Amino acid sequence: MEIFGIAASLLVMFTGFGLLIGLLFGFFGMGGSFLVTPALLVMGYKTDVAVASGLAFVFGTSVIATLKHRDLGQVDYKLGVLMIAGTTAGIEVGKEGLHLLQDLGLADTVVSVAYVGLLGGIGLFVTRQALKDDGGGGISHDADVDGELDADDIPDIAKKIQSYRVPPMMTLRGGVTVSLWMILAVAFATGLLSGFLGVGGGFIRMPALFYLVGIPVPVAVGTDLFEIVFSGGIGSFLYALDGAVDLAIVAPLLAGSALGARIGAAATSIVDEDEIKVYFGVMLLLGAIAVAVRKIGGVIEMPVLDTVALVIILGAALLVSSAVVYSSIQELRTTSADTDSITAD
């Protein structure tokens, strides 16, 4: 049976997948296209369709989270506008590069290898940070974004970059002063990835804003999401002009994501994110493995590996989403038990 030109089974799967990704998006503040685009590639969609649909999904989900962070005062609009300017140029260059590789018949291979490298590298970094005993490297949902950063809280690389006084200099929230050219360089690089790989760039740009520019983490998250609204929207529009955005894919994904993002956002107020950072790192690693398995299957002509890769991607999303829900329930039970104990006393 087909609904709106898509098989009912696929419709249900896309909606469920969108729910899982939306939950992760609401909790971690990242768009999830680093799972959506590889999943579409594994399912056999053309590279440009997978990339374009991933960007469209990012656009929709980022709007929801940006509104939440705006209410919390965690958006630096001046920084966001500068990021948009650099990202727009990067997206156009990335899009043209993808089309060139597609004409040469190399797009699928290059995008797959790039995904494996990025997801694997970042996944290893996040997992390593999560397994440290000092609890560092996490995103604190309760951090003070109005005060200035303590010097000890600024990464050494960011201190070095801030020391280069290349005019014009920009003063940002948190008392950060940095060269305009560094901001534009970070924006262009992440925009290039957005246009080329179909990712919002959040899982790269947010750490870059903190580790390279020195922006306070809560402001980096909120401003990153604000920028993703535009990069995802611009990227989707440019690909839509080429007819690459498949609404039959995007609509059910967004339907599920709308609910999932609300659940994930609610979980941030009751769950200590450090408890499940390791699962997030593992999810990125599993995403890298899935893309690698799919590519190997194509090289050695074993279609069954495509199914294995798809199962790995869906399993990664389910694993981390379940961890978020489980931790939320445990925290609620603990809070309820403590309240009952106080009442009894």
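The structure under discussion appears in the preceding block.
Residues numbered from 1 in each chain as written. Predicted model: local features only at pLDDT ≥ 70, side-chain atom pairs only at ≥ 80, totals over all residues. Heavy atoms only, no water.

Draft legend 1. Region of the structure containing the packing of aromatic side chains. By the definition in use, this model includes one aromatic pair. Judged by centre distance (5.3 Å) and plane angle (85°), the rings of Tyr-77 and Phe-226 are edge-to-face. Of this pair, Tyr-77 sits in helix H4 (residues 77-103) while Phe-226 sits in helix H9 (residues 217-241), placing them 149 residues apart in sequence. Residue class for Tyr-77 comes out partly exposed when judged on its relative accessible area of 43%. Under the relative-accessibility criterion, Phe-226 is labelled buried at 12%. (Phe/Tyr/Trp six-rings, centres within 6.5 Å; stacked < 30°, edge-to-face > 60°. Helix = DSSP H or I, 4+ residues; strand = E, 2+ residues; numbered from the N terminus. Buried < 20%, exposed > 50% of the residue type's maximum accessible area, 1.4 Å probe, protein only.)

Draft legend 2. The arrangement of a nonpolar patch on the surface in detail. A contiguous nonpolar patch, built from Ile-296, Val-299, Ile-300, Met-302, Val-304 and Val-308 and spanning about 520 Å² of accessible area, is present on the exposed surface. Elements with a minimum of two residues in the nonpolar patch: helix H11 (277-299) and helix H12 (304-344). Inspection of the secondary structure puts Val-304 in helix H12. (Patch = residues over 30% accessible without salt bridge, like charges linked within 9 Å, V, L, I, M, F, W, Y side chains within 5 Å. Areas by Shrake-Rupley, 256 points an atom, 1.4 Å probe, with all protein chains shown as cover. Salt bridge = Lys/Arg side-chain N within 4 Å of Asp/Glu carboxyl O.)

Draft legend 3. Highlighting the pattern of salt bridges. For the coordinates displayed, the defined rule picks out three salt bridges. For Glu-92, the salt bridge is made with Lys-95, and the minimal N-O distance between the two is 4.0 Å. Of the two residues, Glu-92 and Lys-95 are both situated in helix H4; the distance of three residues between them amounts to about one turn of the helix. When its relative accessible area of 32% is taken as the criterion, Glu-92 is described as partly exposed. In this structure Lys-95 comes out as buried when scored by relative accessible area, which is 6%. Salt bridges sharing partners connect three or more residues here, namely Glu-92, Lys-95, Glu-96 and Asp-242.

Draft legend 4. Spotlight on the packing of H4 against helix H7 (residues 180-197). H7 packs onto H4 with a crossing angle of 40° between their chain directions and a minimal axis gap of 6 Å. By crossing handedness, the relation of H4 to H7 is classed as right-handed. The class makeup of the residues in the contact of H4 with H7 is 16 nonpolar, nine polar and one charged. (Axes fitted to C-alpha atoms, helices over the stretch in contact; angles between N-to-C directions. Left-handed = near helix turned anticlockwise from the far one by under 90°. Nonpolar A, V, L, I, M, F, W, Y, C, P; charged D, E, K, R; others polar.)

Draft legend 5. Structural view of the environment of Asp-242. On the secondary structure map, Asp-242 appears in the loop between H9 and helix H10 (247-267). Overall, Asp-242 belongs to the partly exposed group, its relative accessible area being 45%. Spatially, the C-alpha atoms of Asp-242 and Val-49 are 9.9 Å apart, while their sequence positions differ by 193 residues. Aside from chain neighbours lying at most four places away, what touches Asp-242 is Lys-95 and His-99. A distance of 3.2 Å separates polar atoms of two side chains, one belonging to Asp-242 and the other to His-99. (Contact = heavy atoms within 4.5 Å. Polar contact = N/O pair within 3.5 Å; in protein donor to acceptor, adjacent residues only side chain to side chain.)

No statement about biological role is implied by the geometric values presented.
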